[in-house]
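# Close look at the chain arrangement
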Amino acid sequence: MDKRRRFHLEPDFLNRWGNVFIFCLLVFVSGLLVFGSLHSVYFDVVRAWWVVLPVCVVLAAENAVKIWGLHSFREKIACYVIDILLLTLLTVFTDGTLISTLYIIILSEFYLGQNNITGSIAMCVASIVLFLVAFAVSGALKGESVHVTSLIAGAFNDLLLLVLHFLGFNLAVQLWRKNSELADTLEELEESNRRVSDAYNELDESNKKLQAAYRELHEVTALEERQRIAKDIHDTAGHSITTIIMQTEAAKLVIDSDPADAKRKIAAANLQARNALEELRESVHLLSGGKDDLSLREALLAIVHESTDGTGIVIRTDLDDISLCEAKRRFLCNTLKEGISNGLRHGNATAFYFELKRKGEKISFLLSDNGKGMDPQKLHQGFGLKGMYARAEALGGSVHCETEPDEGFELRIDLPADNDKA
């Protein structure tokens, strides 16, 4: 706790301890009045202390109840009326000695409980009037002539004291309260600053954690992508090399008996080797962080040209220039390679028709061949179609195949188009 906070007082300190001081002062002044009235006699037979002592006791008890037992001004109105009556009695039996002091003490308790200065002004004016009335009544009971001018002149010092007390006491109370309010406001501002500082530190810490998490996520994503590409290389290269070996071995067996068939098998193996090499190049390119500068249409045409170059295969094309994300682009390129390779290896196809069109919000991929086709019941037993279905579904698309014995094979893929158009 800092030095300023250590000496800061609670908001109700002034009321609590001020009332204690006021009550103690009331008791002290009452005691002086009783002591001063021990030898005074009024109306020839009444000793002053017979009246002063019980009045002072009642005054002290009544003020104790008013200070600690009552809270609102309405609850205290009866007590203030009793105060006036008791002070009037004391004025009669003490010749006004210390009466102004008792007024000041009782007014101090009133001022202390007021938040509005208007109420204090009204009470001060009423007290001055009642003070003069009490002196007039006291004089009248004693048979003295009462004149307003002489009454005011005789009580001038007391009246001046009441006015000065009003000004000084209320000024001090208001300054105390304003100082307390300012101190509370300053503490609230400091507390707000501490909270803002703590929040800033927490935000800074959260930002650091977020950056660390982002870096970690980036590293994990890069690692997962590399692992995926490595798996593609393993799967593609392994499958392609196995197919090439099988095709060349089959060609060797029929090269003497059926040279044309052997030629087709060697052409298919050659195409498979080219596709495998291209897959490896693309995978290495991705691992190095490079990007393909070719459009999708150019990349597909490059695959078509590689497949027809020196193989005797005919592929007719009708391609729209379409922009797609890298995942869809790679899927379509790989599907075209796989479709041509399957048509050659399994269907002994010599001609293909390839079409890529944008139809509304969908991309339509069509590849058909003139191969020997197959029984539709055996369609899903091979040709890598299961993996193709899974990849298309992951991209939000679908795969449809149509084939009949000696009727060729047709592969159709529908994918959702991207927002950006070519």
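Cut-offs applied
In every chain, residue numbers begin from 1 and rise along the written sequence. Local features in this predicted model are restricted to residues whose pLDDT is 70 or higher, and side-chain atom pairs enter the listing and the counts only when it is 80 or higher, whereas totals over whole chains, interfaces and linings include all residues. Excluding hydrogens and water, the side-chain figures rest on all heavy atoms present in the structure. Only DSSP runs of H or I with at least four residues qualify as helices, and only runs of E with at least two residues qualify as strands; both kinds are numbered from the N terminus onward. Here's how the labels work: a residue is buried when its accessible area is under 20% of the maximum for its type, exposed when over 50%, partly exposed in between, all with a 1.4 Å probe on protein chains only. We call two residues in contact whenever any of their non-hydrogen atoms come within 4.5 Å of each other. Note on areas: Shrake-Rupley, 1.4 Å probe, and residue coverage restricted to the protein chains presented here. Note on terminology: a nonpolar core comprises buried Ala, Val, Leu, Ile, Met, Phe, Trp, Tyr and Cys residues joined through side-chain atoms within 4.5 Å. Only strands joined by at least two bridges in the DSSP assignment are considered to pair. For helices, the fitted line uses only the C-alpha atoms of the stretch in contact; every axis is such a line through C-alpha atoms, and the angle between N-to-C directions lies from 0 to 180 degrees. Each salt bridge in this description consists of a side-chain nitrogen of Lys or Arg and a carboxyl oxygen of Asp or Glu lying within 4 Å of one another. Aromatic contacts are taken between Phe, Tyr and Trp rings whose centres are within 6.5 Å, Trp giving its six-membered ring; a plane angle under 30 degrees counts as stacked, one over 60 as edge-to-face, and the others as tilted. By definition here, a helix of n residues has an expected span of 1.5 Å times n minus one. How sure the predictor is of each residue is captured by pLDDT, a score from 0 to 100. These descriptions rest on fixed angle ranges, namely under 35 degrees for roughly parallel, over 145 for roughly antiparallel, 65 to 115 for roughly perpendicular, and the rest for oblique. When the near helix sits turned anticlockwise from the far one by under a right angle, the crossing is termed left-handed; a clockwise turn instead gives a right-handed crossing. For patch building, the residue pool is restricted to those with more than 30% relative accessible area and no salt bridge; the joining distance is 9 Å between like charges and 5 Å between nonpolar side chains (Val, Leu, Ile, Met, Phe, Trp, Tyr). Under the scheme applied, nonpolar residues are Ala, Val, Leu, Ile, Met, Phe, Trp, Tyr, Cys and Pro; charged residues are Asp, Glu, Lys and Arg; polar residues are all the others, including Gly.

### Considerations on the overall build of the protein
- Regarding its fold elements, the protein presents 12 helices and 7 strands.
- In the protein, which comprises 422 residues, the share counted as buried stands at 38%.
- Contacts spanning at least 24 positions in sequence make up 70% of the contacts within the protein whose residues lie at least 6 apart.
- Entry remark: accessible area of the protein is about 24,900 Å², with carbon and sulfur atoms responsible for 61%.

### As for the nonpolar core
- In this structure, Leu90, Leu102, Phe131 and Leu162 are the most contacted members of the largest nonpolar core, which totals 42 residues.
- Ranked by the residues each element gives to this core, the list is headed by helix 5 (residues 99-112), at 10 residues.
- Not counting residues within four places of it along the chain, the set of residues in contact with Phe131 comprises Ile99, Ser100, Tyr103, Ala155, Asp158, Leu159 and Leu162.
- By size, the runner-up hydrophobic cluster in this structure holds 38 residues, among which are Ala299, Ile303, Ala392 and Val399.

### Quick look at the sheet that holds strand 4 (residues 351-359)
- Strand order in the open sheet made by the 5 strands is 3-4-5-7-6, with mixed pairing throughout. One side of each edge strand has no neighbouring strand; the edge strands of this open sheet are strand 3 (314-319) and strand 6 (398-403). Across this sheet, the average inter-strand angle for adjacent strands is 10°, counted without regard to direction.
- Two elements, strand 6 and strand 7 (residues 409-416), share 6 bridges in a ladder whose sense is antiparallel. Paired with Thr403 across the two strands is Phe409, which belongs to strand 7.
- Relative to the sheet, helix 12 (residues 385-394) contacts strand 6 and strand 7, its axis offset from that of strand 6 by approximately 145°.

### Quick word on the pattern of salt bridges
- Counting across every chain of the model gives 12 salt bridges.
- Its salt-bridge partner being Lys66, residue Asp83 comes within 2.7 Å of it at the nearest N-O pair. Residue Asp83 is found in helix 4 (residues 73-94), and its partner Lys66 is found in helix 3 (residues 48-68); the two are separated by 17 residues along the sequence. The same class applies to Asp83 as to Lys66, namely buried.
- Residue Arg195 pairs with Glu191 through a salt bridge whose shortest N-O separation is 3.5 Å. With a gap of 4 residues between them, Arg195 and Glu191 both fall in helix 8 (residues 156-254), about one helical turn apart.
- Overlapping salt bridges, with partners in common, bring together Lys66, Lys76, Asp83 and Glu109 in one network.

### Quick word on the packing of aromatic side chains
- With the rule as written, the count across this model stands at 8 aromatic pairs.
- Ring centres of Tyr111 and Phe169 lie 6.2 Å apart, and the angle between their planes is 40°; on these two criteria the pair is classed as tilted. Here the residue Tyr111 occupies a position in helix 5, and Phe169 occupies one in helix 8, the gap between them amounting to 58 residues.
- Take Tyr111: its relative accessible area is 1%, and that puts it in the buried class.
- Residue Phe169 is classed as partly exposed on the basis of its relative accessible area of 23%.
- In this structure an aromatic cluster arises from ring pairing among Tyr80, Phe110, Tyr111, Phe166 and Phe169.

### Overview of helix 3
- When the terminal C-alpha atoms of helix 3 are compared, their 30 Å separation across 21 residues agrees well with the 30 Å that a helix rising 1.5 Å per residue should span.
- Listed as buried for helix 3 are Ala48, Val51, Val52, Val55, Cys56, Leu59, Ala60, Glu62, Asn63, Lys66 and Ile67.

### Let's talk about the confidence of the model for the protein
- In the predicted model, the protein carries a mean pLDDT of 81, and 88% of its residues have values of at least 70.
- Contacts from residues 1-9, a stretch scored under 50 in pLDDT, to residues over four places away or in other chains number 12 contacts.

### A few points about the environment of Arg264
- Note on placement: Arg264 falls in helix 9 (residues 259-287).
- Each C-alpha atom of the pair Arg264 and Ala349 lies 9.2 Å from the other, and the pair is 85 residues apart in sequence.

### A look at the packing of helix 3 against helix 5
- The N-to-C vectors of helix 3 and helix 5 enclose an angle of 15°; their axes lie 11 Å apart at closest approach. Taken as axis vectors, helix 3 and helix 5 run roughly parallel relative to one another. Between helix 3 and helix 5 the crossing geometry is left-handed. Of the residues in helix 5, those in contact with Leu59, Asn63, Lys66 and Ile67 of helix 3 are Leu102, Ile106 and Glu109.

### What about a nonpolar patch on the surface?
- On the surface, a cluster of nonpolar side chains totalling about 660 Å² of accessible area is made up of Phe43, Ile117, Ile121, Val125, Val129, Val133, Val137 and Leu141.
- Take Val133: it is sitting in helix 6 (residues 117-141).
- Here Val133 falls in the partly exposed class, since its relative accessible area comes to 42%.

### Remarks on the packing of helix 3 against helix 4
- Put simply, helix 3 and helix 4 touch, their axes get as near as 10 Å, and they point 160° apart. Of the possible angle classes, the one that applies to helix 3 and helix 4 is roughly antiparallel. The two elements helix 3 and helix 4 cross, and the hand of that crossing is left-handed. Contacts between helix 3 and helix 4 involve Ala48, Val51, Val52, Val55, Cys56, Val58, Leu59, Glu62, Asn63 and Lys66 on the former and, on the latter, Lys76, Cys79, Tyr80, Ile82, Asp83, Leu86, Leu89, Leu90, Phe93 and Thr94.
- Taken together, the residues of the contact of helix 3 with helix 4 break down into 14 nonpolar, 2 polar and 4 charged.

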